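Read off the chains here:
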Amino acid sequence: MATAVRVHTTIDGFRRALAEHRSGGATIGFVPTMGYLHDGHASLMRAAASSDDVAVASIFVNPLQFAATEDLGTYPRDLERDLAIAEESGVREMLHPDVAEMYPTPVLTTVTVSGVTSRFEGAARPEHFAGVATVVTKLFSITGACRAYFGEKDYQQLAVVRRLAADLSMPVEVVGCPTVREHDGLAMSSRNVYLSDGQRQAAPVLYRAMVEAAGAARGGNRSVDDLRAVMHERITRTPGVDSVDYAEIVDADTLEDVTEVGGRQRILVAARFGSTRLLDNIALDTPPAG
Ligand code: PAF
């Protein structure tokens, strides 16, 4: 039977609980979340519980990473269900602070990561990554030395978090974990609940388009222009898709443009289904060009 998860609404209480575990020599595996947990989160929690002595997590819907026009007020929440999932997945300590506990008013100190944030989600949501970087820096500073588990689903976010942990010399090893998908390929996301039935049926096209492009690349088509066009065409002609924000192939580490397929690359896509924006990505690892 899973050990009951202890919920801490204060930073101090969470820190004290972690200090108790560390005093017995335990390593900490940390999973930051905004709640409304799904199997993707559960897989991160299970990874933390199996690789570290004590798995801990946070649930905090971070206002700093939402623009005024976004869904902060309606972001789905279900604490009771979240705690049951966390407990079942092996989490022992849960930080669940309110906004006043996390942020002073006004917030004067923020963290920005440049370069890797300039395109894709950073271009579509200009304040988003400063909000993510600020809260993750705070959460890492609260949690202290740990391994921190993030989904590859938000691939650009993972790159931002890796960069800030390295640049600020944080005692945190950032671990990227594979995206968990529904049976039809749709990447799990708390925002999938916003999709209408028709949009839900259309949404797996993101994954299918990337798989098709990866197949063409492996079959010998090395032109990024061609593959990008294949993905755009496949996604835009699907009823239920309103627009494609991007469908790109980039260097897997720097997220910079490439012109030819070859080496460790990543396919990134984002599209709008009504007012819901979905993103996805897969690895594209092929023999280096030349
Ligand atoms: O990926 C998320 O759920 C959030 O962006 C994170 C990392 C928990 C920061 O609020």
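Conventions adopted
- Residues numbered from 1 in each chain as written.
- Predicted model: local features only at pLDDT ≥ 70, side-chain atom pairs only at ≥ 80, totals over all residues.
- Heavy atoms only, no water.
- Near = heavy atom within 4 Å.
- Polar contact = N/O pair within 3.5 Å; in protein donor to acceptor, adjacent residues only side chain to side chain.
- Areas by Shrake-Rupley, 256 points an atom, 1.4 Å probe, with all protein chains shown as cover.
- Nonpolar A, V, L, I, M, F, W, Y, C, P; charged D, E, K, R; others polar.
- 1 Å grid on protein atoms, 1.4 Å probe; cavity = no way out; pocket = protein on both sides within 12 Å on 5 of 7 lines; lining within 4 Å.
- Points joined across faces, edges and corners; volume = space filled by probe spheres on them.
- Helix = DSSP H or I, 4+ residues; strand = E, 2+ residues; numbered from the N terminus.

Student: Any chance you could break down the site of the ligand for me, citing the residues and the numbers?
Tutor: Looking at the ligand, the residues that line it are Pro-32, Thr-33, Met-34, Asn-62, Gln-65, Val-135, Phe-150 and Gln-157. Gln-157 has a polar side-chain atom sitting 2.7 Å from an oxygen atom of the ligand. Within the complex, 88% of the 290 Å² of free accessible area of the ligand lies under protein. Here the residues of the shell around the ligand are counted per class, giving 4 nonpolar, 4 polar and no charged.

Student: Give me the lowdown on the layout of surface pockets, citing residues and values where you can.
Tutor: Summary: where empty space remains is shown by rolling a probe the size of a single water molecule over the atoms. Put simply, the largest pocket is a space of about 1100 Å³. Contributing to the lining of the largest pocket are 49 residues, with Met-34, Tyr-75, Lys-153, Asp-154 and Arg-191 lying nearest its centre. Of all the secondary structure elements, the ones that give two or more residues to the lining of the largest pocket are strand 2 (28-33), helix 2 (39-51), helix 5 (121-124), helix 6 (128-143), strand 5 (146-151), helix 7 (155-167) and strand 9 (276-286). A per-class count over the lining of the largest pocket returns 20 nonpolar, 19 polar and 10 charged. Taken together, 13 residues line the second largest pocket, and the ones lying closest to its centre are Tyr-155, Arg-162, Ala-252, Asp-253 and Arg-264. Every element with two or more residues in the lining of the second largest pocket is listed here: helix 7, strand 8 (263-273) and strand 9. The leading source of residues in the lining of the second largest pocket is helix 7, at 5 residues. Partitioning the lining of the second largest pocket into residue classes produces 5 nonpolar, 1 polar and 7 charged.

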